[in-house]
Structure formats: structure tokens, C-alpha cells
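Here's the letter readout for the chains.
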Amino acid sequence: MAEQTQRRRRSDADRSVQAILEAALEALASDPEASMAEIARRAGVVRATIYAHFPTRDSLLDAVMEYAVAQVARATEAAEPARGEPAEALERVLRSTWKQLSRFHALLAINTARLSADELHRRHLPVMTLFVPLIERGQKEGVFRRDVPVSWHLAVIRALVHTASAELQSGRISEADVERTVLDTVLAAIG
């Protein structure tokens, strides 16, 4: 009986964490300064529940970033980077990734402001490593530049996506134009 109670508590805690992460994403998308109280309200929990799982705002932001990166990694994998001609595959993967990222533009801006470049790079590895075989294949086939290392191509892609996100957030590029601009720029830069 104690084991069942323990499993039920763990299940309840997992549901609370999931609700908190989703609520934080939603709240931060509309207000990067959203309070823990607002996030708790959206999650349907009390503030103490958030603090039980995430003792500081930074720990919550870290968890939200990890959650977002995992979702982008799943979208990247689902786009099948190993399928098709390298440039077409890269475009398909970027399009899929960009669609998933659309939920995270505000979070990206928050994390760019609070984390070092090295830390941002480290936290993007679960997604960026999925691009490595595709870039290597494109280089081998002569579709992507071979005069620079794969790590450079990855840095360029990440930087262009971050720049596009910032430009979109600032209103300097429209939602209608941003995806095509990112795709064209990335393919021109690494082709």
C-alpha cells in the first residue's frame, strides 16, 4: 500500500512539473518578466508547489529551457535529417525546427540575456548534434562548404536562427517573411 501511495505521489508531482513547465512557457511568451505567482496561477498550483520543484526563478528557467530544447530535438529527429538530398533535408529540418521554435522565441531572448555564449552552446547540444551527420553528409557530397569545420556550420545555423528570432521579437521582420529568410540565409551561408 505504501508503494502505491508513493507512486501516486510521484505521478502527481510529475503532472505538477509538466503543468508548471507549460504554464511557464505560456506566461513567459507573453511577459518575459512573468512572476512565479502568475506561472503558478496558469499551472493551477500554488506558488509553494513551484518552489518545491524549482527553488529559484533561474532553476525554473533552466528547466523550461531543457524542456524546450527536448521538444526542438524531437522535432528535429521527426524531420528525418538522414532522408533525402542534403540541402533539401537541411531545409526540411530547419523548417520543422523553426515551427517548433515559434513557441520559444521569448524564452530564447530571456536565456540569451542570462546565459553566457558557452553555456548557451552547451545547452543547445542535444539539438545541434542531430545536425552533425547531415552537415557531414552534405560536405562529403560537395553540397555544403568543406573549407570550414562542421562546428562552424552549426555555429552559423544557431546564430542565424537566434538572430531571426530576435528580429521577429523586435518586429523588424514579419512572421510571413522570417522562415523563408532563415532558410535562404542558412543555405547560402553553408552552401
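What this report covers is the structure whose coordinates are included nearby.

Reading the values: rules and limits
Residues numbered from 1 in each chain as written. Predicted model: local features only at pLDDT ≥ 70, side-chain atom pairs only at ≥ 80, totals over all residues. Heavy atoms only, no water. Helix = DSSP H or I, 4+ residues; strand = E, 2+ residues; numbered from the N terminus. Buried < 20%, exposed > 50% of the residue type's maximum accessible area, 1.4 Å probe, protein only. Contact = heavy atoms within 4.5 Å. Areas by Shrake-Rupley, 256 points an atom, 1.4 Å probe, with all protein chains shown as cover. Axes fitted to C-alpha atoms, helices over the stretch in contact; angles between N-to-C directions. Parallel < 35°, antiparallel > 145°, perpendicular 65-115°, else oblique. Left-handed = near helix turned anticlockwise from the far one by under 90°. Nonpolar A, V, L, I, M, F, W, Y, C, P; charged D, E, K, R; others polar. 1 Å grid on protein atoms, 1.4 Å probe; cavity = no way out; pocket = protein on both sides within 12 Å on 5 of 7 lines; lining within 4 Å. Points joined across faces, edges and corners; volume = space filled by probe spheres on them. Core = buried A, V, L, I, M, F, W, Y, C linked by side-chain atoms within 4.5 Å.

1. Examining the overall build of the chain
Counting its regular elements, the chain contains nine helices and zero strands. When the helices and strands of the chain are read in sequence order from the N terminus, they spell out α-α-α-α-α-α-α-α-α. Expressed as lengths along the three principal axes of its C-alpha atoms, the size of the chain is roughly 60 × 45 × 30 Å. Per-residue burial over the chain gives 41% buried out of 191 residues. Pairs at least 24 apart in sequence give 66% of the contacts found in the chain among residues at least 6 apart. Just so you have it, the chain exposes about 10200 Å², and 55% of that area is on carbon and sulfur atoms.

2. A word on the packing of helix 4 (residues 57–78) against helix 7 (residues 117–140)
Where helix 4 contacts helix 7, the two axes come as close as 8 Å, and the packing angle between them is 15°. Accordingly, the angle class assigned to the pair helix 4 and helix 7 is roughly parallel. As helix 4 runs across helix 7, the sense of the crossing is right-handed. Judged by residue contacts, Asp62, Met65, Val69, Val72, Ala73, Thr76 and Glu77 of helix 4 engage Leu120, Arg123, His124, Pro126, Val127, Leu130 and Phe131 from helix 7. Here the contact of helix 4 with helix 7 is built from residues that sort into nine nonpolar, two polar and three charged.

3. Some words on the packing of helix 4 against helix 5 (residues 86–101)
Relative to each other, helix 4 and helix 5 sit at 150°, their axes nearing to 8 Å. As summarised for this structure, helix 4 and helix 5 are arranged roughly antiparallel, according to the angle between their axes. Where helix 4 crosses over helix 5, the two elements pack in a sense that is right-handed. Contacts from Gln71, Val72, Ala75 and Thr76 in helix 4 reach Val93, Ser96, Thr97, Gln100 and Leu101 in helix 5.

4. A word on empty space enclosed by the protein
One pass over the full model with this rule turns up one cavity of 30 Å³ or more. Size it by volume and the largest cavity reaches roughly 300 Å³. Taken together, 21 residues make up the lining of the largest cavity; nearest its centre are Val72, Leu101, Leu108, His124 and His162. If you list the elements that add at least two residues to the lining of the largest cavity, you get helix 4, helix 5, helix 6 (105–114), helix 7 and helix 8 (150–170). Among the elements that take part in the lining of the largest cavity, helix 7 stands out by supplying five residues, more than any other. A per-class count over the lining of the largest cavity returns 16 nonpolar, four polar and one charged.

5. Focus: the environment of serine 102
Counting through the fold element by element, serine 102 comes out in the loop between helix 5 and helix 6. What makes serine 102 partly exposed here is its relative accessible area of 39%. Here the alpha-carbon distance between serine 102 and valine 182, two residues 80 residues apart in the chain, equals 13 Å.

6. Comments concerning the nonpolar core
Considering soluble globular proteins, one finds that nonpolar side chains tend to be buried as a cluster. Counting residues in hydrophobic clusters, the biggest one holds 55 residues, and the most contacted among them are Ile50, Leu60, Leu90, Phe131 and Ile157. Elements that contribute at least two residues to this core include exactly helix 1 (2–30), helix 2 (36–43), helix 4, helix 5, helix 6, helix 7, helix 8 and helix 9 (175–190). With ten residues, the top contributor of residues to this core is helix 4. Ignoring any residue separated from it by four or fewer positions in sequence, one finds isoleucine 157 in contact with Leu90, Leu94, Met128, Phe131, Ile135, Val186 and Ile190.

7. Thoughts on the side chain of histidine 124
Following the sequence through the fold, histidine 124 ends up in helix 7. Its relative accessible area of 12% is what places histidine 124 among the buried residues. Once you skip the residues sitting within four places of it in the chain, histidine 124 turns out to touch Met65, Leu108, Arg158 and His162.

8. Describing unusual backbone geometry
Unusually for a residue other than glycine, glutamate 80 sits at a positive phi of about 55°. Note on placement: glutamate 80 falls in the loop between helix 4 and helix 5.

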